[in-house]
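Architecture and fold: a report
For reference, the chains in residue letters:
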Amino acid sequence: HPITIDSLKEQLKKTFGFSQFRGEQEAIILNTVQGKNSFVLMPTGAGKSLCYQLPAIVMEGTAIVISPLIALMKNQVDQMLAFGINAQFLNSSLTRAEINRVKAEVISGAVKLLYIAPESLNKQENLNFLKQAKISFVAIDEAHCISEWGHDFRPEYRKIRTIIETIDEKMPIIALTATATPKVQIDIQKTLNLEDATVFKSSFNRKNLYYEIRSKKDIDKQLIRFIKSHNGKAGIIYCLSRKRVEEIAELLHVNSVKALPYHAGLEPQVRMANQEAFLNEEVDVMVATIAFGMGIDKPDVRFVIHYDAPKSLEGYYQETGRAGRDGLDGTCILFYTYDDILKLDKFNKDKAVTEKENAKILLSEMVYYTNIGVCRRKQLLHYFGEHMAENCGFCDNCMHPTPTFKAEEEVSLVLKA
Ligand code: ADP
Ligand code: MG
């Protein structure tokens, strides 16, 4: 039977328990159901997953969801299974027997959503299997991973379009990202060959997030004081290195804060367990490298602290975006020192020339942001190609203006270095 708006709404209520679509969700879902390609740019927490989960449920066959992280896939598969929807994943965490079971279930038509890592998609045996399956459409989540201008480039993402065409050229595609710098957007559309897609872009303003930059002087004292004044609240502290993550987790521990570390150097089981402990509220604070957080749906994160400066404004926006997904206030504090920028710049020294130049530009944009007295939200939105007429009134520069304008000087230092 035909899929109507009423039947979509009914499914929304029945499976997810929501009585209304948010923003453009309905239009996006209809676009996929009608077999058209979509490019969705919505900030973190806006509800992008539903834009492919719901059509996957109502359409015939299995939807392929390409997703960059095992943790992210597991998170969503668990959620869908809890809703009574058959979702599975294919990635390197599965045994041979598990892989065979998943494939058999897909071929039998029982699976509505199949999450696949791009590197698994590349394998010939998986391609052969997908050619036999009945696929409803392909969703490419975290599509910015395709762009070197994005904050999380994955080379395997570059091959996605060719692979999709090998499976079936006519499948509708929906690409989704919370990244919206015009540069990255163009890159994604070009690489995925999605110039014909309907573009759905919503505002990137996260009104409930308070942005503040602080000096790194006495950072540990400031940190403890802040966390103590948010006792029992969930928060994430981002650090640049694994070593620093361990140190800060320990610092919090001796100060009786329930915190755990997360970084790529930990055993996968430990990483998974720490993430679960944070999601299940057994601990309050996750001290992490940027390896943590993409796609993690924890609605009540009340603060995100950057212990060290991020590599780009993009990354910063994504990481801070993990606060306040429930719509309630979130505090985002970045501890800044120019030394961090120099350190980040040094990491790039062995890269190829263009890559190095790109990294410098991203860093200098970061320096401007931290140093200039202009409304932080205005600057962030400008970066995403959005114009804000008024100051936001909900950032440090709006609420407690301080005269620090070293930007020009520091930017020229980065670019020369
Ligand atoms: P994104 O991928 O855009 O960062 P998610 O898909 O993880 O966001 O969704 C964020 C939160 O919003 C989730 O908790 C999700 O259940 C919720 N959500 C999505 N759509 C709706 C809706 N129509 N009504 C209420 N809550 C929604
Ligand atoms: Mg998402």
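Only a predicted model underlies this, so the values are computations on that prediction, with no experimental measurement involved.

What surrounds ligand 1 is a group of 14 residues, the closest being Gln-20, Gly-45, Lys-48, Ser-49 and Arg-325. Residue Gln-20 places a main-chain N or O atom 2.8 Å away from a nitrogen atom belonging to ligand 1. Gln-25 places a side-chain nitrogen or oxygen 2.9 Å from a nitrogen atom of ligand 1. Class assignment for the residues of the shell around ligand 1 results in four nonpolar, six polar and four charged.

At a minimum axis separation of 11 Å, helix H1 (residues 5-16) and helix H2 (residues 25-33) run at an interaxial angle of 115 degrees. Here H1 lies roughly perpendicular to H2, going by the angle between them. At the point where H1 passes H2, the crossing takes the right-handed sense. Contacts between H1 and H2 involve Ile-5, Leu-8 and Lys-9 from the former and Glu-26, Ile-29 and Leu-30 from the latter.

Moving on to the side chain of Ser-38. Along the chain, Ser-38 falls in strand E1 (residues 38-41). Assessed through its relative accessible area of 0%, Ser-38 is described here as buried. Of note is the side chain of Ser-38, whose polar atom sits 2.9 Å from the side chain of Asn-31.

Moving on to the packing of aromatic side chains. Per the stated rule, a full pass over the model turns up twelve aromatic pairs. Look at Phe-278 and Phe-292: their rings are 5.8 Å apart centre to centre, the planes differ by 75 degrees, and that puts the pair in the edge-to-face class. With Phe-278 in helix H12 (residues 268-279) and Phe-292 in the loop between strand E11 (285-288) and strand E12 (301-306), this residue pair connects regions lying 14 residues apart in the sequence. The same class applies to Phe-278 as to Phe-292, namely buried. A ring pair is formed by Tyr-317 and Phe-384, whose centres lie 4.5 Å apart and whose planes are at 65 degrees; its orientation type is edge-to-face. Within this pair, whereas Tyr-317 is found in helix H13 (residues 313-320), its partner Phe-384 is found in the loop between helix H16 (376-383) and helix H17 (396-399), the two being separated by 67 residues in sequence. Both residues of the pair, Tyr-317 and Phe-384, belong to the buried class. A cation sits over an aromatic face here: Lys-298 above Phe-278, 5.4 Å from the ring centre.

What counts and what doesn't
- Residues numbered from 1 in each chain as written.
- Chains lettered and ligands numbered in written order.
- Predicted model: local features only at pLDDT ≥ 70, side-chain atom pairs only at ≥ 80, totals over all residues.
- Heavy atoms only, no water.
- Near = heavy atom within 4 Å.
- Polar contact = N/O pair within 3.5 Å; in protein donor to acceptor, adjacent residues only side chain to side chain.
- Nonpolar A, V, L, I, M, F, W, Y, C, P; charged D, E, K, R; others polar.
- Axes fitted to C-alpha atoms, helices over the stretch in contact; angles between N-to-C directions.
- Helix = DSSP H or I, 4+ residues; strand = E, 2+ residues; numbered from the N terminus.
- Parallel < 35°, antiparallel > 145°, perpendicular 65-115°, else oblique.
- Left-handed = near helix turned anticlockwise from the far one by under 90°.
- Contact = heavy atoms within 4.5 Å.
- Buried < 20%, exposed > 50% of the residue type's maximum accessible area, 1.4 Å probe, protein only.
- Phe/Tyr/Trp six-rings, centres within 6.5 Å; stacked < 30°, edge-to-face > 60°.
- Lys NZ or Arg CZ within 6 Å of the ring centre and 35° of its normal.

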